[in-house]
Each structure stands twice: as structure tokens, then as C-alpha cells.
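Each chain, written out:
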Amino acid sequence: AQSVTQPDIHITVSEGASLELRCNYSYGATPYLFWYVQSPGQGLQLLLKYFSGDTLVQGIKGFEAEFKRSQSSFNLRKPSVHWSDAAEYFCAVGRGPTGGFKTIFGAGTRLFVKA
Amino acid sequence: SAVISQKPSRDICQRGTSLTIQCQVDSQVTMMFWYRQQPGQSLTLIATANQGSEATYESGFVIDKFPISRPNLTFSTLTVSNMSPEDSSIYLCSVVVAGGISYNEQFFGPGTRLTVL
């Protein structure tokens, strides 16, 4: 069965420090991978996506993620965190056309940023 | 891309009543979905809204509780029936803009925040 695991329920980092949010997936076919951010009381915003090609993808707000097929991982990184990055982050796997375009979401990681 | 609007944005309802949520997209899309996000939880897919036919429900969700309509390629409704406090959630409409066999991108509406007393 397909699944997405975000092992960290919450993470606290200092402003200006680097960030890495972990994501592991289980999916038999070629994965379509996404990271979304949800600020309190706000909707979902797509940070970045991976469909194919270069395994290091750049997103908005200075985020990047690296797809590692051998580790079934798609970790999100940012070199220097800003206080405005405090939010909930969701990793997701899209099943693509053979899976009815459905998307499976991880449980989310809440990021806290301290001054 | 696709811009999605949902009505209402939020509502407070009494248990035992029903609420219909509307989702309008600014362009014709291939796939439309409804998700639920319970407080402090991730998103769970309720169903795929199929144009002109019955929706396809995920395990744990049934048509009697969550009837869905999709009369055309840009509009869908989700009804939460006979509500209980456990139905308090954010309900999100989502669309996929797909070209041919490629998987382009998924867009989400702003959500409808439902509180059931």
C-alpha cells in the first residue's frame, strides 16, 4: 500500500539556522512528489514538486528538496530559516494517471522558529 | 493553473443538520476531489467527484453521509449530512490539471472550516 511518512511531528529551529524536514514514501511506481506548506488558518501552498529529471528541485521561498530513489526519500531543506517559515509542512505522493491522480499526504511536520 | 473558490469559507452548524459546500474552478479541469482535514491532522481524501455520474468514495466514506455532485467540468458540491461534532473539520476542494497522460499539478481551494456544535 502507498504511504508517506514524516517521522518528525514537530521541529524547532533558530532563526537563521538550516532546516531539513524528512519524508519517506512507499509507492510501487514512479512517484510524483510534493511539499506543501500550510500557515495557521491558511490554505495549502505548493512549495515544490518532483516529477522526473534532476533529483534536486528548487521551490519557492528558498526551499529545495532532493529525491533519493534508493532511500525512498524526498527531504525538504532550507539553508537559513526565517521566522515567517513557521508553519505546517506536508509531504505528499501523487499517484499519477494510473492511480486516478489521487494524492496521499503525510501526517505533517510543524515547524517552530525561535528568535 | 487553476483558481478555486469555495463557499462558504466557514460555518457553525447544529448537530443533525446538513451543510452543502460549493467548489468553483475558473477553468475546465479533468479531476476534482474533496479532502477533509480534521483538527491537527493531515488531509484525507473523501472522494473523487465525477462529472455527470456518482462520485468514487474512499474507504471509510459513504455517499449517504457525503453526497457529492459534479454537474459540469468547473463546479462541484459536497454535502455533509446529519452532522455531528466529529464532522468538525476543514473541507478542501482540489483539482488536477492534467494534459494527456502527464500529471501536471494539483491545486487546492482555500477550504471550508466547519464547526458542529
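Residues numbered from 1 in each chain as written. Chains lettered and ligands numbered in written order. Predicted model: local features only at pLDDT ≥ 70, side-chain atom pairs only at ≥ 80, totals over all residues. Heavy atoms only, no water.

## Details of the overall build of chain B
A tally of helices and strands in chain B yields zero helices and 11 strands. Across chain B, helices and strands are ordered from the amino to the carboxyl terminus as β-β-β-β-β-β-β-β-β-β-β. Counting only C-alpha atoms, chain B reaches 45 × 25 × 20 Å along its principal axes. Pairs at least 24 apart in sequence give 55% of the contacts found in chain B among residues at least 6 apart. When the accessible surface of chain B is summed, it comes to about 5400 Å², and 50% of that surface belongs to carbon and sulfur atoms. If you average the places of the 7 positive and of the 8 negative side-chain charges in chain B, the two averages end up 7 Å apart. (Helix = DSSP H or I, 4+ residues; strand = E, 2+ residues; numbered from the N terminus. Contact = heavy atoms within 4.5 Å. Areas by Shrake-Rupley, 256 points an atom, 1.4 Å probe, with all protein chains shown as cover. Lys, Arg positive; Asp, Glu negative; His and termini not counted. Charge placed at Lys NZ, Arg CZ, Asp CG, Glu CD.)

## A closer look at empty space enclosed by the protein
Residue and element names in this part refer to chain A. In the structure shown here, the tally under the stated rule is one cavity of 30 Å³ or more. There is about 50 Å³ of room inside the largest cavity. Val37, Ser39, Leu47, Lys61, Phe63, Ser84, Asp85, Ala87 and Tyr89 together form the lining of the largest cavity. Along the lines of polarity and charge, the residues of the lining of the largest cavity split into five nonpolar, two polar and two charged. (1 Å grid on protein atoms, 1.4 Å probe; cavity = no way out; pocket = protein on both sides within 12 Å on 5 of 7 lines; lining within 4 Å. Points joined across faces, edges and corners; volume = space filled by probe spheres on them. Nonpolar A, V, L, I, M, F, W, Y, C, P; charged D, E, K, R; others polar.)

## Observations concerning the pattern of salt bridges
All names here are of chain A. By the definition in use, this model includes seven salt bridges over all chains. A salt bridge links Asp8 to Arg22; its shortest N-O distance comes to 2.9 Å. Placement of the pair is Asp8 in the loop between β1 (3-5) and β2 (10-14) and Arg22 in the loop between β3 (19-21) and β4 (24-26), with a sequence separation of 14 residues. According to the relative accessible area criterion, Asp8 is buried, its value standing at 18%. Notably, a salt bridge pairs Glu66 with Arg77, separated by 3.3 Å at the nearest N-O pair. Of this pair, Glu66 sits in strand β8 (residues 64-68) while Arg77 sits in strand β9 (residues 73-78); the two residues are 11 residues apart in sequence, bridging distant segments of the chain. (Salt bridge = Lys/Arg side-chain N within 4 Å of Asp/Glu carboxyl O. Buried < 20%, exposed > 50% of the residue type's maximum accessible area, 1.4 Å probe, protein only.)

## A closer look at the sheet that holds strand β8 (residues 75-80) of chain B
Residue and element names in this part refer to chain B. Spatial ordering of the open sheet is given by β1-β3-β8-β7, a layout of four strands whose pairing is antiparallel. Of all the strands in the sheet, just β1 (4-7) and β7 (68-72) have a single pairing partner and so form its edges. Averaged over neighbouring strand pairs, the angle between their axes works out to 15 degrees when direction is ignored. (Pairing = 2+ DSSP bridges. Axes fitted to C-alpha atoms, helices over the stretch in contact; angles between N-to-C directions.)

## Focus: the environment of Gly111(B)
Residue and element names in this part refer to chain B. Along the chain, Gly111 falls in the loop between β10 (102-108) and β11 (112-116). What makes Gly111 buried here is its relative accessible area of 6%. The spatial distance from the C-alpha of Gly111 to the C-alpha of Gln6 is 6.5 Å, given a sequence separation of 105 residues. Apart from the residues within four sequence positions on either side, Gly111 is in contact with Gln6, Pro8, Ser9, Ile90, Tyr91 and Leu92.

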